[in-house]
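Examining the three-dimensional arrangement
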Amino acid sequence: MKILRWSILAGYLTIALLPLIWLAFTSLKSQPEAISTTPGMLPSLTERLEDSGGFRFTVTKEAYGRLQETHTGASHSFISYLSNSILIGLMSTVAAVALGTACAYGFSRFRVAGAHDWLFFILSTRFLPPLAVVVPILMMYRQFDLQNTHLGLILLYTSFNLSLAVWLMKGFIDEIPKAYEEAALVDGYSHLHVFWTIIVPRARTGMAVTAVFCLISAWNEYAFALTLNNTRAVTVPVYFAGLQGNIQGVPWPQIAAGVILFAIPIVVFTILVRKHLLRGVTFGTIKQ
Amino acid sequence: MSFLVLDALEKTYPDGTKAVKDVSLEIEEGEFIVLLGPSGCGKTTTLRMLAGLEMPTGGTILLGNQDQTRLTPSERDVGFVFQFYALYPHMSVSKNIAFPLENMGLVSQEVDRLVSEVSRHVGITEHLHHHPGQLSGGDQQRVALARAMVRRPKMFLMDEPLGTLDADRRLAMREFIREQQIESGITTVYVTHDQEEAMALADRIVVMRGGRIDQFDTPTKVYEHPADPLTAQFVGSPGMNLFTGELVVDGTDRYLRSGDITIDADTKALSDIADGPVTLGLRSEYLIPDAEGTLQAETVLVERLGSHCNVYFDSPVGRLVMRTESDISHRPGDTLKLGYDTQHLRIWAGDYARPPLEVSET
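Residues numbered from 1 in each chain as written. Chains lettered and ligands numbered in written order. Predicted model: local features only at pLDDT ≥ 70, side-chain atom pairs only at ≥ 80, totals over all residues.

1. Observations concerning the domain arrangement of chain A
Residues and elements named next belong to chain A. If you check the domain split of chain A, you get domain 1 (2-60) and domain 2 (73-281). A straight line from the C-alpha centre of domain 1 to that of domain 2 covers 35 Å. Listed by partner, the interface residues are nine residues for domain 1 and seven residues for domain 2. Where the side of domain 1 that touches domain 2 is concerned, the elements lending two or more residues are helix H1 (2-27) and helix H2 (31-35). It is H1 that contributes the most residues to the side of domain 1 that touches domain 2, four residues altogether. (Domains from an automatic or database assignment. Contact = placed C-beta atoms within 7 Å. Helix = DSSP H or I, 4+ residues; strand = E, 2+ residues; numbered from the N terminus.)

Right under this line is the structure:
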């Protein structure tokens, strides 16, 4: 039984990890090796391997080094795009989670006139495919000088993610017993203070889950990042796309290296909040 | 003027439910008042209005001559003990207790002193660094009490604080709560649906039903002279024996009948009741075997409870239960005659449908 279980797990893991492993290997190859018709399958740390028959490839860190260069098809180095992505992703996530939590608290605890309609309206902002509003938003951003600014994308991603944040957070806050707040109110605290000292600590799990969703969606967004920018505040997905049209051939090792670096922040962030995520996805199924 | 005055207090929820209708009470300083009633009777809503957690839709609340009707909970200076403790799960026990003090502008040594004093008082000093989740239900409730007490509020409000505890824990905590209250002398309003708890704790009991006050009196008065048959049935264990009858006026003669038999009654008690259907009540301990008695009864079941026995009978007026201190030799099927002192017979005008006594016949 145990062997069967392990072999199923191992098989699944291989299938799931294979693309990532291939990506990592590609990032360690030289350009000719990466596009060779008989690709090397396993890395070798030694300089030359005559007898391997091309089965192994020579490891080089060249691709990572070249990420600092400005390639044809891009206006800055990868590092500058990555820092744009980090800045925009983090700021929009913080804003969406903060606003979403506050808004959800209001809907959860106070009598809001037409609360159901408001919540439906908030959700309805997700009904339209985002691409349908690219042109209007572009016009608007031109009007307000938000094109080519970090603030522009931060605002845009925040408003995209806000509906998700409000709905997710409302679910989490609804689950927090009201008695905690009532106890704090009787103990002499204002609603605002109660929100900070009782609700926020209790809603951490929900905030972590919401933050992961918001960050991933901002991190990977491509269409608006492409259309609203051409030089400054361009994010990594646009950078990768730009390299495809490279006249000297697509620099696969650099792209692979970039993808690896691009994935690391999300992986690190998810691992950091993993404890909360596990509780978050089972929320409501287990009574606390 | 009384310490706490509720005047024509009302609460109607937005959906039209009238939870509390016209509740007026005058409570003296230092009293232990229990709001007693079945669920949905408005007792918890009344308590929450006293705390400011619900806004009354009518009436006024005066505490120490100050109109508190529209004040927020934080402006009221009351301590609240919740049914499920409502301890802040992310704070240690000592942080929980210190929480009400933290926005009072006290220096931290003073906060520490008050916390350690009150925690010594309720006996939880060894748990100060634990989190509430690590404590037993009884200890959590002690922490909740300590948190309510630490500020020395004008009034304690308690919403079924013993409802979630085990039976043996509950007795100990009941004793403890009363002891603390007597010692502190702080006026307390306590909500429960457990009549025994109400009898044991209260200086005066407020019996509520359907959002109204049914009776407001001392436990003894509520027990001996319940305002209506429902309260008579609800208070006491077992509840009062109830049966229906009729007040017959025959010239100057007034007497009670139930079915074919004449019921002995105090003639004075009958003088201010109109003729027609009546409901009669008799506490189980006032029923005695009596060869001269008018009630022919057949033994159905004997419950031997150590300190006393409950004997259930079938009689012409219906099921009756007798409580007796001495062990008796009755067996199911035995017949005998029952009597009672007429001064203990309670008479209410009107025919209340009698709720069936639940006895499992073995």
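Here the narrative resumes.
2. Points about the interface of chain B and chain A
Think of interface size as the accessible area that goes away when the parts come together; that is how it is often given. At the junction of the two partners, chain B supplies 14 residues and chain A supplies 13 residues. Broken down by class, the residue content of the side of chain B that touches chain A amounts to eleven nonpolar, three polar and no charged. (Nonpolar A, V, L, I, M, F, W, Y, C, P; charged D, E, K, R; others polar.)

3. As for the packing of helix H4 (residues 78-109) of chain A against helix H7 (residues 150-174) of chain A
Residues and elements named next belong to chain A. Direction vectors running N to C along H4 and H7 enclose 40°, while the axes themselves pass 6 Å from each other. In the crossing of H4 with H7, the sense of the turn from one axis to the other is right-handed. Residues belonging to the contact of H4 with H7 are distributed by class as follows: 19 nonpolar, eight polar and two charged. (Axes fitted to C-alpha atoms, helices over the stretch in contact; angles between N-to-C directions. Left-handed = near helix turned anticlockwise from the far one by under 90°.)

4. A look at the sheet that holds strand S16 (residues 295-304) of chain B
Residue and element names in this part refer to chain B. Reading across the sheet, the five strands line up as S15-S19-S16-S17-S18 and stay open at both edges, with antiparallel pairing between neighbours. Taken across any chain shown, the strands that pair with only one partner, and hence form the sheet edges, are strand S15 (287-289) and strand S18 (318-324). Ignoring which end each strand starts from, the neighbouring axes of this sheet average 45° apart. Across three bridges, S15 lies against strand S19 (residues 335-340) in antiparallel orientation. The residue of S19 that forms the bridge with Ile288 is Gly339. (Pairing = 2+ DSSP bridges.)

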